[in-house]
Amino acid sequence: MIRSVITGTGSALPARRVSNAELAQTVETSDEWIVERTGIRFRHIASPDETTGTLAYDASKAALAAAGCAAQDIDLIVLATATPDQTFPSTATKVQAMLGIDDCVAFDVAAVCSGFLYAVQVADSMIRSGVARRALVIGSETFSRILDWEDRTTCVLFGDGAGAIVLEAQDTADEGGRGILTTKLHADGRHNELLYVDGGVSTTGTVGKLRMKGREVFRHAVTNLAAVMTESLAMAGIEAADVDWVVPHQANARILDATARKLGLAPERVVVTVDQHANTSAASVPLALDVAVRDGRIRQGQIVVLEAMGGGFTWGAAVVRF
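Calculation notes
- Residues numbered from 1 in each chain as written.
- Predicted model: local features only at pLDDT ≥ 70, side-chain atom pairs only at ≥ 80, totals over all residues.
- Heavy atoms only, no water.
- Salt bridge = Lys/Arg side-chain N within 4 Å of Asp/Glu carboxyl O.
- Buried < 20%, exposed > 50% of the residue type's maximum accessible area, 1.4 Å probe, protein only.
- Helix = DSSP H or I, 4+ residues; strand = E, 2+ residues; numbered from the N terminus.
- Contact = heavy atoms within 4.5 Å.
- Phe/Tyr/Trp six-rings, centres within 6.5 Å; stacked < 30°, edge-to-face > 60°.
- Lys NZ or Arg CZ within 6 Å of the ring centre and 35° of its normal.
- Pairing = 2+ DSSP bridges.
- Axes fitted to C-alpha atoms, helices over the stretch in contact; angles between N-to-C directions.
- Expected span 1.5 Å × (residues − 1).

Caption draft 1: Region of the structure containing the pattern of salt bridges. This model, assessed by the stated rule, comprises 10 salt bridges. A salt bridge links lysine 94 to aspartate 85, with the nearest nitrogen and oxygen atoms 3.2 Å apart. By relative accessible area, lysine 94 is classed as partly exposed at 30%. Several salt bridges converge on common partners, so that one network encompasses Asp148, Asp198 and Arg211.

Caption draft 2: Quick peek at the side chain of histidine 220. Mapped onto the fold, histidine 220 is located in helix 7 (residues 214-236). Overall, histidine 220 belongs to the buried group, its relative accessible area being 14%. Discounting residues that sit within four places of it in the chain, histidine 220 has contacts with His191, Leu194, Met309 and Phe313.

Caption draft 3: Region of interest: the packing of aromatic side chains. By the definition in use, this model includes one aromatic pair. The cationic tip of arginine 17 hangs over the ring face of phenylalanine 42; the distance from NZ or CZ to the ring centre is 3.6 Å. Just above the ring of tryptophan 245 sits the side chain of arginine 297; from NZ or CZ to the centre is 5.9 Å.

Caption draft 4: The arrangement of the sheet that holds strand 13 (residues 314-321) in detail. An order of 8-13-12-11 is seen for the four strands of this open sheet, with the pairing classed as mixed. At either margin of the open sheet sits one strand with a lone partner, and together these are strand 8 (179-187) and strand 11 (245-248). Each neighbouring strand pair of the sheet contributes to a mean axis angle of 15°, computed without reference to strand direction. As defined by bridge partners, strand 12 (residues 303-310) adjoins strand 13 across eight bridges and the pair is classed as antiparallel. Looking at the pairing, valine 305 lines up with valine 319 of strand 13.

Caption draft 5: Just the sheet that holds strand 6 (residues 134-142), in detail. Sheet architecture is open: five strands sit in the order 1-7-6-4-5, paired in mixed fashion. Among the strands making up the open sheet, the edge pair consists of strand 1 (2-12) and strand 5 (105-109). Averaged over all pairs of adjacent strands, the angle between strand axes in this sheet comes to 20°, irrespective of strand direction. Looking at chain direction, strand 4 (residues 76-80) and strand 5 are connected through five bridges and run parallel. When the bridges of strand 5 are listed, leucine 79 appears paired with aspartate 108. Sitting on the sheet, helix 3 (residues 52-67) touches strand 1, strand 4, strand 6 and strand 7 (160-171), and the angle it makes with strand 1 is about 120°. On top of the sheet, helix 4 (residues 91-99) reaches strand 4, strand 5 and strand 6; it is set at about 140° to strand 5, its chief contact.

Caption draft 6: View of helix 7. Taking 1.5 Å per residue as the helical rise, helix 7 with its 23 residues ought to reach 33 Å, and the 32 Å between its terminal C-alpha atoms agrees with that figure. Residues Val217, His220, Ala221, Val222, Asn224, Leu225, Ala226, Val228, Met229, Ser232 and Leu233 constitute the buried set of helix 7. After helix 7 finishes, the residue glycine 237 shows a positive phi value of roughly 70°.

Such coordinate-based values are descriptive only and should not be taken to indicate function.
As structure tokens, then:
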């Protein structure tokens, strides 16, 4: 049995760290207002010389070092982003070049905040089918570039960053062995108007700005995330009580709390970084995962559930034994 095993994680954040108090100097808001509604205290904002690609490169280097493998060992790069460096070519190919990889399959995936889960499913499928042996799966965003800084209901929620994992094919006959046990993805395009960017190459010819109806997104997020986590655990034959950690998309502390309650999970089993990084879209799950791996919370042998929901709507979950 071929399984995709996570052998290394890495993350990268822009150098500039912005507090709520600092943000309140230019946006009509306050630390109290932001913390009460979202749990966010800080976010990182990319400088002009930092891009989705450079952040992805830094996160990838850290993941490769943790996995103990060289860049030339990678034969697949899947990069999830809604804020690519260019319309084309893919940011994944830019990362490939920066890493000095002469030739490998490299492409981007666009599923916004769920993008990393979509990228994991794609890479896992390609590994299981024998197309690749070792994959670099990345979530990287510079959401600050598509924010309307005059809209205080949205601009306070997001930040920039990147996270990456190395997935390696391992042959095991043990059903209880390490690896990605199951993934489950969904999409429902009927909700486009609830969370979107009001620009595009074939429509306005502009990049556009992020627009969101927060209350409706909150309601869908809690329902969909609880449902897909239940669904993915059932597919893996695992009870919620056996889950060691949940690493959710870091959108809003209230969504994380509500989802945990709906599943009957103890809050201390949920990895939370939204207070330090805000919503980094496709980067948020791998970024939070790397934090929890490096501080020793997530250890080999534990059951971890990754989950996310984003614009589209898209949503999904993965059950992993580390």
